[in-house]
Amino acid sequence: MVLEGSPEAVSSQSLDLRRSSPKGSRIFPSAGEGSLLHKEAVKYGELIVLGYNGSLASGDKGRRRSRIALFKRPKANGVKPDVIHHISTPLVSKALSNKGQHSISYTLSRSHSVIVEYTHDCDTDMFQIGRSTENMIDFVVTDTAPGGSCTSDGQSAQSTISRYACRIICERSPPYTARIYAAGFDSSRNIFLGERAAKWRTPDGLMDGLTTNGVLVMHPTGGFSEDSAPGVWREISVCGNVYALRDSRSAQQRGKLVQTESNVLQDGSLIDLCGATLLWRTTAGLLLTPTLKQLEALRQETNAARPQCPVGFNTLAFPSLAQRGVVDKQQPWVYVNCGHVHGYHNWGFRKEKGGLERECPMCRRAGPYVPLWLGCEAGLYLDAGRPTHAFCPCGHVCSQKTVQYWAQIPLPHGTHAFHAACPFCGTWLTGERGFVRLIFQGPMD
């Protein structure tokens, strides 16, 4: 392959990767080619951002939304490793990266770079995810604050999400396997790992590396079902290899290679971008998920039982799924430490707690007193069970299986911390279990 620039500047160690690249480590081009959403196309799966309960606070618009489906493109936009070059002159490196060809640049020193060129792959589709709003990003993801809000309209200078965070590669033929890779191609069709980025030469002579804050993935055991259990958080490399976590999020030393695991996404896989966590749902898995119509039927069934406030004796009713954030007069409220459900009342404040806790009139236990909201994001449910439990302390209500599953998942936070959080709003869970069984007054008991 002939390079632009002086031939003397290119090492004779250029290597053809079409035969030597490992099966599955395919990488592909700009996501702008073809339609992302096509009603008649094959759907690979959906990505759901945790913490928004069905829609962004400012509304779902274009590529910035709380949930997006990935469809088979009319024309494949995949790329795969082609040729590797060892570069000793920066001018040639610049010429190579500006050729309108996809490449990954590994800067080893000021005088030595390794550049891997990619060629078109007609068997795969690529979808890119990141904070950037440039056209090559299919799904614009911004930092999620507890309570389901974006920071500074998603463009905070303090954001820890990379502009080109990761890419998902889907096979265009059944079974439509989806794989995740750290980093995405920028407007120059390049992935650039600077001198300070964690990078290394693999045993087979190829290159690999990690992004600054990393892309973490957790595959659940038992799929995403009533029998699911959390898996182990791992880090995914630029070439799609799986590693144990680093000592801290941006440490220079990589974790140990985990050869028994892969970057293939499963139904229920979690992807953490250091500021936002995404849930991957397969098309087959979504068929088993309750629909919004089923959730609405459960809401109506609950309200039809006419639960009452045990003190005010007024009838309580969950508001419609479309009504969010505005507390209704009939809204049920709960003491999260005991689970007793009441209508709103303005008494029971505990002065010694700074007025932040209330005393339940039924059992005298003190704790937060919050309105109850039904979880509206159906893709987060493990089953279509009755809304009998609530997360603490936010008050989002769903089925027992769903709260039990999410309460035991430690979600990444900061550089090395993990906390269980409500998947509907992102609030950190509190209490012994992180959820409470709701105790209604009346026929519902």
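Read on for a plain summary of the structure. Note that the structure is predicted; figures quoted are calculated from it, not measured.

### Things to note about helix H3 (residues 292–304)
Okay, step 1: Here H3 is 13 residues long and its end C-alpha atoms lie 18 Å apart, about the 18 Å a rise of 1.5 Å per residue gives.
Okay, step 2: If you check which residues of H3 are buried, you get Leu295, Leu298, Arg299, Thr302 and Asn303. Around the axis of H3, the buried residues are gathered within 135° of arc, so they sit on the same side. Seen from the buried face of H3, the exposed residues on the opposite side, beyond 90 degrees, are Lys293 and Ala304.

### What about empty space enclosed by the protein?
Okay, step 1: Overall, the coordinates contain two cavities of 30 Å³ or more when judged by the stated rule.
Okay, step 2: Its boundaries defined by the atoms lining it, the largest cavity holds a volume of some 70 Å³.
Okay, step 3: Taken together, Leu295, Leu298, Arg299, Leu321, Leu374, Gly375, Tyr381, Gly385, Pro387, Val397, Cys398 and Ser399 form the lining of the largest cavity.
Okay, step 4: It is H3 that provides the largest number of residues to the lining of the largest cavity, a total of three residues.
Okay, step 5: Here the lining of the largest cavity is composed, by residue class, of eight nonpolar, three polar and one charged.

### Let's talk about the nonpolar core
Okay, step 1: Membership of the largest hydrophobic core comes to 46 residues, with the highest contact counts inside it found for Leu270, Leu279, Leu372, Phe391, Trp406 and Leu438.
Okay, step 2: Considering every element that reaches this core, the biggest residue donor is helix H4 (residues 400–407), with four residues.
Okay, step 3: Apart from residues lying up to four places away in sequence, Leu279 is in contact with Glu46, Leu47, Ile48, Leu50, Phe224, Gly268, Ser269, Leu270, Gly379, Leu380 and Trp406.
Okay, step 4: Membership of the second largest hydrophobic core comes to 30 residues, among which are Leu70, Ala165, Cys166 and Val242.

### Section: the side chain of His389
Okay, step 1: Structurally, His389 is set in strand S27 (residues 389–391).
Okay, step 2: A distance of 2.7 Å separates polar atoms of two side chains, one belonging to His389 and the other to Thr388.
Okay, step 3: Setting aside anything within four residues of it in sequence, one finds His389 in contact with His396, Val397, Cys398, Gln400, Val403, Phe435, Val436, Arg437 and Leu438.

### Looking at the packing of aromatic side chains
Okay, step 1: Taken as a whole and judged by the stated rule, the model has 13 aromatic pairs.
Okay, step 2: Each ring, one from Phe224 and one from Tyr405, has its centre 5.6 Å from the other, and the planes form 90°; the classification is edge-to-face. Here Tyr405 lies in helix H4 and Phe224 lies in the loop between strand S16 (215–218) and strand S17 (233–236), a separation of 181 residues in the sequence. Note on accessibility: Phe224 and Tyr405 belong to one class, buried.
Okay, step 3: Among the aromatic residues, those joined into a cluster by ring pairs are Trp333, Tyr335, Tyr344 and Tyr369.

What counts and how
One numbering rule holds for all chains: residues counted from 1, following each sequence as written. Since the coordinates come from a predicted model, pLDDT governs what is reported: local features require at least 70, and pairs of side-chain atoms require 80 or more to be given and counted, while whole-chain, interface and lining totals use all residues. Computation of side-chain values: all heavy atoms of the structure, hydrogens and water removed. The helix and strand labels rest on DSSP assignments: H or I over at least four residues marks a helix, E over at least two residues marks a strand, and numbering proceeds from the N terminus. Here the expected span of a helix is defined as 1.5 Å times the quantity of residues minus one. Here's how the labels work: a residue is buried when its accessible area is under 20% of the maximum for its type, exposed when over 50%, partly exposed in between, all with a 1.4 Å probe on protein chains only. Throughout, the arc means that of the directions going from the helix axis to the C-beta atoms. Cavity: a set of points on a 1 Å grid over the protein atoms alone where a 1.4 Å probe fits but cannot get out. Pocket: an open set with protein on both sides within 12 Å along at least five of seven lines, its lining residues, like those of a cavity, having an atom within 4 Å of a point. Grid points are joined across faces, edges and corners, and a volume is the space filled by probe spheres set on the points. Classes in brief: Ala, Val, Leu, Ile, Met, Phe, Trp, Tyr, Cys and Pro nonpolar; Asp, Glu, Lys and Arg charged; the others, Gly included, polar. Among buried residues, those of type Ala, Val, Leu, Ile, Met, Phe, Trp, Tyr and Cys that are joined through side-chain atoms within 4.5 Å constitute a nonpolar core. Contacts between residues were defined by any pair of non-hydrogen atoms, one from each residue, lying within 4.5 Å. As used in this structure description, the phrase polar contact means that two N or O atoms lie within 3.5 Å; if the pair is within protein, one of them must be able to donate a hydrogen and the other to accept it, and residues adjacent in sequence are counted only when both atoms belong to side chains. Only rings of Phe, Tyr and Trp enter the pairing, Trp through its six-membered ring, and a pair is recorded when the two centres are within 6.5 Å. The plane angle decides the type: under 30 degrees is stacked, over 60 is edge-to-face, the rest tilted.

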